[in-house]
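# Structural description and commentary
Listed below, chain by chain, are the residues.
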Amino acid sequence: MQPIDQFETAEPTDTPLIARVDVGMAVVDSAGDDAGTVSAVQAPGTGVRPDTVAGVAEALMGAGYLRVDGTGALSNDTYAAGDQIADVVDGEPGTVRLNVPRDELSRAAA
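Just so you know, these numbers come straight off a predicted model, no measurement behind them.

Before going further, it helps to examine the overall build of the protein chain. Counting secondary structure elements, the protein chain contains one helix and seven strands. Listing every helix and strand of the protein chain by position from the N terminus yields β-β-α-β-β-β-β-β. In the protein chain, which comprises 110 residues, the share counted as buried stands at 29%. Pairs at least 24 apart in sequence give 51% of the contacts found in the protein chain among residues at least 6 apart. Total accessible area on the protein chain stands at roughly 6800 Å², and carbon and sulfur atoms take up 52% of it.

As structure tokens, this is what we get:
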């Protein structure tokens, strides 16, 4: 016979950080530098292939990913994997903080 947890003290399941990300959020890298704005979010296992090179695309699909519209005149769009998200700060528009520098993000195909 299993004991009944009438006070619901069981540990809640942790929600992945990527699930808290919304399109339009600002993105900053591990140094606090502006990396751009979230233009798309894909949870792990959705089967939506990002527009980047083979191998990298499959890894992003497995971890989930964000497409980040870059900043600056010469910037390219990049992808951040779900496991590269350090924190998500809710608000308007909210901020995604990465655990890697901006130059380590995967580039979108031109």
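That shown, we press on.
Let's shift gears to the nonpolar core. If you look at the biggest cluster of nonpolar residues, it comprises 15 residues, and the most contacted ones within it are Val21, Val27, Val38, Leu66, Ile85, Val96 and Leu98. Of all the elements in the fold, those that place two or more residues in this core are strand E2 (34-42), strand E3 (65-69), strand E5 (85-89) and strand E6 (95-98). With residues up to four places along the chain from it excluded, the contact list for Val96 reads Val21, Met25, Ala26, Val27, Val28, Val38, Leu66, Ile85 and Asp87. Ranked by size, the runner-up nonpolar core spans five residues in total, among them Leu60, Tyr65, Tyr79 and Ala81.

Further remarks concern unusual backbone geometry. The amide bond that connects Glu92 to the next residue, Pro93, takes the cis arrangement and shows omega of 10°. Along the chain, Pro93 turns up in the loop between E5 and E6.

About the criteria used
Residues numbered from 1 in each chain as written. Predicted model: local features only at pLDDT ≥ 70, side-chain atom pairs only at ≥ 80, totals over all residues. Heavy atoms only, no water. Helix = DSSP H or I, 4+ residues; strand = E, 2+ residues; numbered from the N terminus. Buried < 20%, exposed > 50% of the residue type's maximum accessible area, 1.4 Å probe, protein only. Contact = heavy atoms within 4.5 Å. Areas by Shrake-Rupley, 256 points an atom, 1.4 Å probe, with all protein chains shown as cover. Core = buried A, V, L, I, M, F, W, Y, C linked by side-chain atoms within 4.5 Å.

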